[in-house]
Amino acid sequence: MSEEKKSLNFIEQIIEEDLANGLPKEKLRFRFPPEPNGYLHIGHAASICLNFGLGLKYNAPVNLRFDDTNPAKEEQEYVDAIKHDIEWLGFKWDKELYSSNYFQQLYDWTLALIKEGKAYVDNQSSEEMAIQKGTPTEVGTDSPNRNRSIEENLSLFLKMKNGEFEEGSHVLRAKIDMKHVNMHMRDPIMYRILKKEHHRTGTDWCIYPMYDWTHGESDYIEQVSHSICTLEFKSHRDLYDWYVEQVYDNSKLRPKQREFARRNLSYTVMSKRKLLQLVEEGVVSGWDDPRMPTISGLRRRGYTPMSIRNFSDISGISKRENVTDVALLEHCIKDDLNKTTPRVMAVLNPVKVVITNYPEGKEEFLDANYNDYEEGFGSRLVPFSREIYIEKEDFREEANKKFFRLKLGKEVRLKNAYIIKAESCKKDENGEVTEIHCTYDEDSKSGSGTEASKRKVKGTLHWVSISHAIKAEVRVYDRLFTDEAPDGHKDVDFKEFINPKSLQIINAFAEPSLKTAKVLDRVQFQRLGYFCVDKDSTSNKLVFNRTVPLRDSWAKQNK
RNA sequence: UGACCCAUGGUGUAAUGGUAGCACUCCGGUUUUUGGUAUCGUCAGUCAAGGUUCGAAUCCUUGUGGGUCAACCA
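Residues numbered from 1 in each chain as written. Chains lettered and ligands numbered in written order. Predicted model: local features only at pLDDT ≥ 70, side-chain atom pairs only at ≥ 80, totals over all residues. Heavy atoms only, no water.

How would you explain the side chain of arginine 546 if you had to name every residue and give the values?
Topologically, arginine 546 is positioned in strand β27 (residues 542-549). Buried and unpaired, arginine 546 has aspartate 478 as its nearest opposite-charge partner, separated by 5.9 Å. Among the polar contacts made by the side chain of arginine 546, one reaches the main-chain carbonyl oxygen of tyrosine 477 at a distance of 3.2 Å. Setting aside its immediate chain neighbours within four residues, arginine 546 contacts Arg301, Arg475, Val476, Tyr477, Tyr530 and Phe531. (Helix = DSSP H or I, 4+ residues; strand = E, 2+ residues; numbered from the N terminus. Buried < 20%, exposed > 50% of the residue type's maximum accessible area, 1.4 Å probe, protein only. Lys, Arg positive; Asp, Glu negative; His and termini not counted. Salt bridge = Lys/Arg side-chain N within 4 Å of Asp/Glu carboxyl O. Polar contact = N/O pair within 3.5 Å; in protein donor to acceptor, adjacent residues only side chain to side chain. Contact = heavy atoms within 4.5 Å.)

Printed below as a string of structure tokens:
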């Protein structure tokens, strides 16, 4: 067996290079660092799969670190949801950590920095500081407070810490270079006063470290070898390195930040802010609405962990802006579900069929495989009787040869049952077909082995016996947006592109074997698509979500 | 009027100076008791112009296009 050599992505190449340059393999360590201020989405999944995938590949630990330095936005609810999502995806973190674990260490390091004259307290307004900061094309100017004495800085910072100042009145800044070409290096803020209760440290602190001062140091404390983040942090890298340099002890490993492009998906938005807007304005029912690109939404929609991991692997990573076609995600879930789900029957848009030569009152239980092509799925008995439902679209009074379904005078096979022939139909005053009268070939029963059962007829339809069918609500989803890149238009708000028909609620009829289906159970409704049981289901009413329809080359042909 | 990053079929990626490959999408054939699946196939690409080289998607220069950077957010 020859192993195909899989090419490395650019992050793996960097790692291989570091390894080749003497970094011991045991020192490899990664982390996934979400801020607990919202729910994870498919873009985060790319980062999760990248980091945890690296952990698996190099047999290295991966920490889950909550970047919780802003108590104004963060909540325990999000911590719990994030952990659940990662576990559901099937990844195991080495340690569960919090940036807030390091508040004391960060504080101690800060004191040392002040003593070295590398940080100072500024009590100007944020407006004043913004002006002094300059612009990307103009250098900044020094704060009048930049040259306070070390003693004064120490005492001021202590007062900040002790709550003696109002929120917003003072900040601590790193003294770097107001003329630096990189704006992040122009005396960035290290600490601000926030008199808010933190979900973990309570009221222990009223000063909180900023992201930049926290992130690299946290990586350093945890001895993360490769700190992988998204492209927009590229320009933070100078600062990341500067901060780490301040505390670096050369017996230790120096973490390395590298950036990759976030994954975007067509026909949806990915920013937490916009997703939150959809939730708050009631466009969707919540973070886990099956139309949302969140992990929880995809889970509820019926996506499997495997399909999402596979999608991330297939998509790969790079440094260029991208919009991945949602068709690829859909391909991944269909591919997985095709191999794993039982086939059952349900009719979404019913029309009544009466089999006139089938005895009234008679019922039969027909053996039907859950999967005709794969072993191990087993079978169940499906009730058959004189009156059944089929899909309205599966009948036409007249049609050309390309229509393989039921038409007057022609035959079709009822899946797992008999061959029937349409004889006549009844219509209402609008000309809409309300009832189809058929006859059946008694000898054509599926699997009976008779000559008649082996007859080839072009069409096979799914159906349910009316008297035995159970009612079910089926939620059929379409894309949430009508535009490929809803937030990619400069002059149009993304909400202008909301698809008004993204949710269609249908009262369907399903075969009775589904009665015992449990929340999150996944099935294929034969000829229709993959569906899963929604959490809104009750003991007397099942609710199904359509995860994804089957490929429908007939519908395509008819467009 | 700056710095940095990026540019390969419609989409996402690979090729790391030596045959531009893979997947999705689209389209077509075969099989089929799912117009599904499977399977076979078609179409389709190196942003541009120069340069280095026996040889450039790859290295250099310039240009073009896109992105990022001025929150007491992360």
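Additional details are given in the paragraphs that follow.
So, the protein's contact with RNA strand B: which residues are in play, and what are the values?
Taken together, 67 residues are adjacent to RNA strand B, and Gln13, Arg320, Arg343, Tyr373 and Ser446 come closest. In RNA strand B, atoms within 4 Å of the protein come from the sugar-phosphate backbone in 61% of cases. One nitrogen or oxygen atom from the side chain of serine 7 is found 3.4 Å from a sugar or linking oxygen belonging to RNA strand B. Asparagine 70 is positioned with one of its side-chain polar atoms (N or O) 3.0 Å from a sugar or linking oxygen of RNA strand B. Contributing elements (two or more residues each) for the surface near RNA strand B: α5 (126-133), β6 (189-193), α12 (326-340) and α13 (553-557). When grouped by side-chain class, the residues that make up the surface near RNA strand B number 19 nonpolar, 26 polar and 22 charged. (Near = heavy atom within 4 Å. Nonpolar A, V, L, I, M, F, W, Y, C, P; charged D, E, K, R; others polar.)

Which residues make up the confidence of the model for chain A, and what values do they have?
Across chain A, pLDDT averages 96, with 99% of residues at or above 70. Confidence metrics for the complex model read pTM 0.95 and ipTM 0.96. (pLDDT = per-residue confidence, 0-100.)

Report on α12, specifying residues and quantitative values.
Over its 15 residues, α12 runs 21 Å from end to end, which matches the ideal 21 Å to within 8%, given 1.5 Å per residue. Buried residues of α12: Val326, Leu329, Cys332, Ile333, Asp336 and Leu337, and no others. Each buried residue of α12 sits inside an arc of 120 degrees when the element is viewed along its axis, so together they form one side. Here the buried face of α12 lies against α10 (295-301), α11 (305-315), β10 (343-344), β25 (522-525), β26 (529-533) and β27. (Expected span 1.5 Å × (residues − 1). Arc of directions from axis to C-beta.)

I'd like a rundown of the sheet that holds strand β18 (residues 411-414), residues and numbers included.
Across the sheet, which stays open at both edges, the seven strands sit in the order β21-β18-β19-β20-β12-β15-β22 with mixed pairing between neighbours. This sheet does not close on itself; its edge strands, each paired only once, are β21 (460-461) and β22 (464-465). In the sheet, strand β15 (residues 387-391) pairs with β22 via two bridges, with the strands oriented antiparallel. Within β22, the residue paired with isoleucine 388 across the bridge is serine 465. (Pairing = 2+ DSSP bridges.)

Tell me about the packing of helix α4 (residues 103-115) against helix α7 (residues 211-222), and please be specific about residues and values.
Two numbers describe how α4 lies on α7: the axes approach to 11 Å, and their chain directions differ by 110 degrees. Classed by the angle they form, the pair α4 and α7 counts as roughly perpendicular. Crossing geometry of α4 relative to α7 is assigned as right-handed. Contact with α4, carried on its side by Gln105, Leu106, Trp109, Thr110 and Leu113, involves Trp213, Thr214, Glu217, Tyr220 and Ile221 of α7 and no other residues of that element. Along the lines of polarity and charge, the residues of the contact of α4 with α7 split into six nonpolar, three polar and one charged. (Axes fitted to C-alpha atoms, helices over the stretch in contact; angles between N-to-C directions. Parallel < 35°, antiparallel > 145°, perpendicular 65-115°, else oblique. Left-handed = near helix turned anticlockwise from the far one by under 90°.)

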